[in-house]
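Structural features, examined
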Amino acid sequence: MNDTEVNGADADGSAAPAPGASGGRLTLGQGTAMYVGAVLGTGVIALPALAARAAGPASLLAWALLVVMSAPLAATFAALGARHPDAGGVSTYARLAFGERAAAVVGWCFYFAVPPGAAAAALFGGAYVAEAAGGGRTTVLLTAALLMAVVTAANAVGVQASGRLQFALAGLLVVLLLVSVGLSLPHAHTGNLTPFAPHGWTAIGSAAALLVWSFAGWEAITHLAAEFRRPARDLPRATGAAVAVVGVLYLLLAFAIIAVLGPGAADSPAPLGDLMASGLGGGARWLAAGAALLLTLGAMNAYYAGAAKLGSALGRDGALPAWLGRGSVAGEVPRRSLGANSTLSFACLAVVGLTDVGPKPLVLLTTGSFVTVYAIGVAAALRLLPRRTAGWYAAAVALVSVAALLLMSGRYLVWPLVVTGASLLYLRRRRAAASAPAEPGGTAEPQPAEAG
């Protein structure tokens, strides 16, 4: 596959892929589960309390705002994935629309956002285990390392096994969360919803900025688009189903936590555990730890799978070392890229363990990168998707949402700017190395070996 062809699509994006089977193995159900796991991740266990602290019951409006904003964004990436199914995902769309440099920027921003994000997610899951079992920081770090090892092993087996794991995890998770909400709602009190906006209406924006982490993930599955059996049919359907599931669960959980826990929700280190305990008793903290582990495994599994495929595509296209390129074809397992990304994730966890800085800096490094990916991806959609189609209109609406996310990200955009500079420098040096031997009198001659 060359740099101007992606599954039969020309560089101008005018040719749509065939609607038949792609050679992949992911079913509609597995794809929906991958989406649900990517988005309905650690935000559920970590952010309801932070949002309630920022805006009180009015944080429910922030949750609703993010649900509404995510729908056109998800539809945009689904339309792109269905039309151009390729392991490069948003990086491929950027290359088709804007060229090699934009593709490298997007690819690097996503690929190098996953390790700190995965480490942060694993730490959130570990904190719930420590809350139930004790052991403090040691339990948190050991649990996080075990989670990362399990997800790496699952993806090393192959995307089909990963899809089956995701389907099982998503099913158990949805049932567990619905049962928790149902059992806790009898303890809800309308008085806990007043005053509705104790910190003023502008605090809703602050809460929404925190919740961006909860809604990152709609772009992750585009890297697995070619792994669907029928991408043009199943990817949009999986997206629609996932938007509905995620939106309903987020809103139900946010309402239950505030209506049941009241002002105490703002200070709860484990709000989902407290919610379960209200309906099932104190022993439910173990159940909450199990739910936290499922959430964490689901999110990490989806991102490891997507990042592994992306890394192999970037190696194939020259935006990363060619050694990583094996596994970019649908059906192949990108073990080299997976290993590199997993190693970086363990490195991030080791830094946290040695410095005790906590997961917050990792979250900040990740959020700005994903928003940058969204911005370039939506801009690419406006160029690649046929005008006046549902996907194109979704991209136009999503552009407004992404502009708002950029404003919310603020200083968190520093990290993607650093990554952008590094990706462009890599491309420049690669081109210089490729062209140097062809230059008359150039300096690319082999140097004599040193004696001894």
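A short tour of the structure in this document, coming up. (Residues numbered from 1 in each chain as written. Predicted model: local features only at pLDDT ≥ 70, side-chain atom pairs only at ≥ 80, totals over all residues. Heavy atoms only, no water.)

**As for the overall build of the protein**
When helices and strands are tallied, the protein shows 16 helices and zero strands. Considering only intrachain contacts with a sequence separation of at least 6, the fraction spanning at least 24 residues in the protein is 83%. (Helix = DSSP H or I, 4+ residues; strand = E, 2+ residues; numbered from the N terminus. Contact = heavy atoms within 4.5 Å.)

**Some thoughts on the packing of helix α5 (residues 100-111) against helix α12 (residues 284-317)**
Closest axis-to-axis distance for the α5/α12 pair is 10 Å, and the angle between their directions is 150°. α12 is crossed by α5, and the crossing has left-handed handedness. Between α5, through E100, A103, G107, W108, F110 and Y111, and α12, the contact on the second element is made entirely by Y303, G306, A307, L310, G311, L314 and D317. Per-class residue counts for the contact of α5 with α12 are eight nonpolar, three polar and two charged. (Axes fitted to C-alpha atoms, helices over the stretch in contact; angles between N-to-C directions. Left-handed = near helix turned anticlockwise from the far one by under 90°. Nonpolar A, V, L, I, M, F, W, Y, C, P; charged D, E, K, R; others polar.)

**Focus on the environment of F98**
Tracing the sequence through the fold places F98 in helix α4 (residues 90-98). C-alpha of F98 to C-alpha of A380: the two residues are 282 residues apart in sequence and 7.3 Å apart in space. Residues in contact with F98, not counting those within four places in the same chain, are I376, A379, A380 and R383.

**Observations concerning helix α13 (residues 335-355)**
For α13, with 21 residues, the first-to-last C-alpha span of 30 Å sits near the 30 Å given by 1.5 Å per residue. Next to the buried residues of α13 lie α5, α6 (114-133), α7 (136-157), α12 and α14 (360-384). Following α13 by one or two positions, D356 adopts a phi angle in the positive range, close to 60°. (Expected span 1.5 Å × (residues − 1).)

**What to know about the packing of aromatic side chains**
Taken as a whole and assessed by the stated rule, the structure comprises eight aromatic pairs. With 5.2 Å between their ring centres and 55° between their planes, W108 and F112 make a pair best called tilted. W108 sits in the buried class, given a relative accessible area of 10%. For the ring pair W392 and Y393, a centre distance of 5.4 Å and an interplane angle of 80° mean the geometry is edge-to-face. Overall, the relative accessible area of 17% leaves W392 in the buried class. Chaining the aromatic ring pairs together yields one cluster made of W108, Y111, F112 and Y426. (Phe/Tyr/Trp six-rings, centres within 6.5 Å; stacked < 30°, edge-to-face > 60°. Buried < 20%, exposed > 50% of the residue type's maximum accessible area, 1.4 Å probe, protein only.)

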